[in-house]
Amino acid sequence: SSRRRHTRLLTVTGVQTCALPILYRLGYSVGAAASEVLIAIAGPESLMALFARGAAGDTFAKAFKRVYGISWKRGATILSYVLAAEYAKAGPPPF
């Protein structure tokens, strides 16, 4: 399903799992859309803080929790619902 695919993209942990053509092609558009959602929720500073926490040595999950106040697992689930709804309304990204 569309939501399952987006959740998978949001939780991929290695480059080798992105080697599947459909996951690789969707990665950029899903990543951009997820960034837009996170910025809409908590402002552009939040996304920069997420990157800064990673640069400071936090794992992505720890940085996400510190910046957004919820676990990455919960955040990925919420993002997948939001992105699935957006794609249902606007259609899939062009390939």
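Everything that follows concerns the structure shown earlier in this document.
Residues numbered from 1 in each chain as written. Predicted model: local features only at pLDDT ≥ 70, side-chain atom pairs only at ≥ 80, totals over all residues. Heavy atoms only, no water.

1. A word on the packing of aromatic side chains
Going by this rule: Aromatic pairs are defined between Phe, Tyr and Trp rings, using the six-membered ring for Trp, whenever the two ring centres lie within 6.5 Å; interplanar angles under 30 degrees are classed as stacked, those over 60 as edge-to-face, and all others as tilted. Starting at the N terminus, helices and strands are each numbered in turn, a helix being any DSSP run of H or I of at least four residues and a strand any DSSP run of E of at least two. Exposure classes here rest on a 1.4 Å probe applied to the protein chains alone. A residue is buried below 20% of its type maximum, exposed above 50%, and partly exposed in between.
Applying the stated criterion to the full structure yields four aromatic pairs. Between F60 and F64 the ring centres are 6.1 Å apart and the planes differ by 35°, which places this aromatic pair in the tilted class. Placement of both F60 and F64 in helix α4 (residues 60–68) is noted, with a separation of four residues, approximately one turn of the helix. Note on F60: relative accessible area 43%, which makes it partly exposed. The interplanar angle of 90° and the centroid separation of 4.9 Å between the aromatic rings of F60 and W72 together place this pair among those described as edge-to-face. Pair noted here: F60 is in helix α4 and W72 is in helix α5 (residues 72–90), with a separation of twelve residues, a long-range link. Taking relative accessible area as the criterion, W72 reaches 17% and is therefore assigned buried. What links up through ring pairs into an aromatic cluster is the set F60, F64, Y68 and W72.

2. Regarding the pattern of salt bridges
In plain terms, the rule: Here a salt bridge means any side-chain nitrogen of Lys or Arg lying within 4 Å of a carboxyl oxygen belonging to Asp or Glu.
This structure, assessed with the given rule, holds three salt bridges. Salt-bridge contacts for D58 lead to R53; the nearest nitrogen and oxygen are separated by 2.8 Å. R53 gets classed as partly exposed once you look at its relative accessible area, which sits at 26%. Ionic contacts of the salt-bridge type, sharing partners, join the residues R53, D58 and R66 into one network.

3. Considerations on the nonpolar core
For the record, the criterion: We call a set of buried residues a nonpolar core when its members are Ala, Val, Leu, Ile, Met, Phe, Trp, Tyr or Cys and they connect through side-chain atoms within 4.5 Å of each other.
With 16 residues, the main nonpolar core has L38, L50, F64, Y68, L79 and L83 as its most contacted residues. If you list the elements that add at least two residues to this core, you get α2 (21–42), α3 (44–55), α4 and α5. Element by element, the count of residues in this core is highest for α2, at six residues.

4. Some details on the side chain of S46
The criterion, for reference: In this analysis, two residues are considered to be in contact whenever any of their non-hydrogen atoms come within 4.5 Å of each other.
For S46, the position within the fold is in helix α3. Apart from residues lying up to four places away in sequence, S46 is in contact with L38, V67 and Y68.

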